[in-house]
Amino acid sequence: MNDIVKAFEFNLELRRQTAVEPCRLLFRQQIAPYGFDTFACGELDLRDRGRAVFFLIDWSDKWARFYAASGLVERDPVVEALATRLEPFTWSDLRADRTLPKIGLKALDLCAAEGWNEGLVVPLGQVGNRVGLVSMAGRDCNLTVEARAYLCMIAICLQTHVRVLVGSQGFAVPPMGLTEREIACLRLVAKGRSDAEIGENLGISKTTAHEFVEKAKRRLSVKSRAELVGVAVSLGIVDL
């Protein structure tokens, strides 16, 4: 079976899934034969990293501990590369780039020392400062040209499908630290509801509804309800 047919069949099976968890398992199953054992899917704001959202995270406990303890969250060479790279790239591509800062090379060396010596990053749909991505990491990965093309195709399928699902099912990590109540209020604001109507809908007081909306505005660093909705839409929190 050629890779185009495999990708087509993967997409058909993916589209049958109505929950995020089966999507995670299906994608993991597909990337494992190529040596990848951890991945994440979401969107980044290249100007404000605080506005990153994760639709799906499939990190092993070891990778999660390493990522946090190593300080990669602040100096991830993948995130830096997304500012200039529009096409899929590997960690090997980054190593071969002579413009890669020493801190980026050191970060890749730290990953390799822990066993993750290759990665594949698939940037998706950059609009302004925002870019979607699926990022995979693994050990001794088998990345032929054909394998790379196949993984990129199914990564695109994953990101576009899961992005739709999280709007109603929730994110892997609450975007911008928003609570479930704040997200619920935010979605009602997007429907044009007043504080009183939000309170009635959620069974809370008008004052409490207003407080939740104001907290959401502060978390998203916006000043108006209109701007709040605009940012929420761009983050995939609200689907108009």
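Residues numbered from 1 in each chain as written. Predicted model: local features only at pLDDT ≥ 70, side-chain atom pairs only at ≥ 80, totals over all residues. Heavy atoms only, no water.

Re the pattern of salt bridges
Which entries qualify depends on this criterion: Here, a salt bridge means any side-chain nitrogen of Lys or Arg that lies within 4 Å of a carboxyl oxygen of Asp or Glu. Under the scheme used here, helices are H or I runs from DSSP no shorter than 4 residues and strands are E runs no shorter than 2 residues, and both carry numbers assigned from the N terminus. Working definition: with a 1.4 Å probe on protein chains only, accessible area under 20% of the residue-type maximum means buried, over 50% means exposed, and in between means partly exposed.
For the structure shown, the criterion picks out 15 salt bridges. R219 serves as the salt-bridge partner of E182, at 2.7 Å between the closest nitrogen and oxygen. One end of the pair, E182, is in helix α9 (residues 180-190); the other, R219, is in helix α11 (residues 206-219), and 37 residues separate them in sequence. The class for R219 is partly exposed, based on a relative accessible area of 32%. Within this structure, E21, R24, R28 and D58 form a network of salt bridges that share partners.

So, the state of the cysteines
The criterion, for reference: A pair of sulfur atoms, both from cysteines and within 2.5 Å, is called a disulfide here.
For the structure shown, the criterion picks out 0 disulfides. Free of any disulfide, C41 has its nearest cysteine sulfur in C23, 9.6 Å distant. C111 carries a free sulfur, and the closest cysteine sulfur to it, the one in C141, is 12 Å from it. Looking at C111, the relative accessible area reads 3%, which means it is buried.

Some words on the environment of A112
Rule in force here: Between two residues, a contact is recorded if the distance between any of their heavy atoms is within 4.5 Å.
Among the structural elements, A112 can be located in helix α7 (residues 102-113). Along the backbone, A112 and R24 are 88 residues apart, and their C-alpha atoms lie at a distance of 25 Å. Once residues lying within four places of it in the same chain are set aside, the contact partners of A112 are R95 and N117.

With respect to the packing of aromatic side chains
What counts is decided by this rule: Pairs were defined over the aromatic rings of Phe, Tyr and Trp, the Trp ring being its six-membered one, requiring ring centres within 6.5 Å. Orientation was assigned from the angle between planes: stacked under 30 degrees, edge-to-face over 60, tilted for the rest. Should the NZ of a Lys or the CZ of an Arg lie within 6 Å of a ring centre and within 35 degrees of the ring normal, that charge is described as sitting over the ring.
On inspection of all chains with the given rule, the structure shows 4 aromatic pairs. Judged by centre distance (6.1 Å) and plane angle (40°), the rings of Y34 and Y150 are tilted. Here the residue Y34 occupies a position in the loop between α2 (20-31) and β1 (36-45), and Y150 occupies one in helix α8 (residues 145-169), the gap between them amounting to 116 residues. Among the residues examined, Y150 registers a relative accessible area of 1% and is labelled buried. Sitting over the face of the ring of F89, R85 holds its NZ or CZ atom 5.4 Å from the ring centroid. Sitting over the face of the ring of W116, R139 holds its NZ or CZ atom 4.5 Å from the ring centroid.

Focus: unusual backbone geometry
The residue D140 is not glycine, and still its phi comes out positive at about 50°. Here the phi dihedral of S221 falls at roughly 55°; this positive angle occurs in a residue that is not glycine. For S221, the position within the fold is in the loop between α11 and α12 (225-235). By relative accessible area, S221 is classed as exposed at 52%.

Looking at the sheet that holds strand β3 (residues 89-90)
Under the convention used in this document: For two strands to count as paired, DSSP must find a minimum of two bridges between them. Convention adopted: a line fitted to C-alpha atoms gives each axis, helices being fitted over their contacting stretch, and angles between N-to-C directions are expressed from 0 to 180 degrees.
The antiparallel open sheet is built from 5 strands, whose spatial order is β2-β1-β5-β4-β3. Here the strands that pair on one side only, and so sit at the sheet edges, are β2 (53-58) and β3. Across the sheet, α8 lies against β1, β2, β3, β4 (118-127) and β5 (130-138), angled at about 50° from β4, the strand it touches most.

Concerning the environment of G115
As for its position among the elements, G115 is in the loop between α7 and β4. Residue G115 is classed as partly exposed on the basis of its relative accessible area, which comes to 22%. Among residues more than four places away in sequence, those in contact with G115 are G138 and R139.

Considerations on α12
Here is the rule we go by: Note that the arc is defined by the directions from the helix axis to the C-beta atoms.
Among all positions in α12, only L228, V229, V231, A232 and L235 are buried. Buried positions in α12, seen along its axis, are confined to an arc of 165° and lie on one side of it. Buried residues along α12 sit in contact with β2, β5, α8, α9 and α11.

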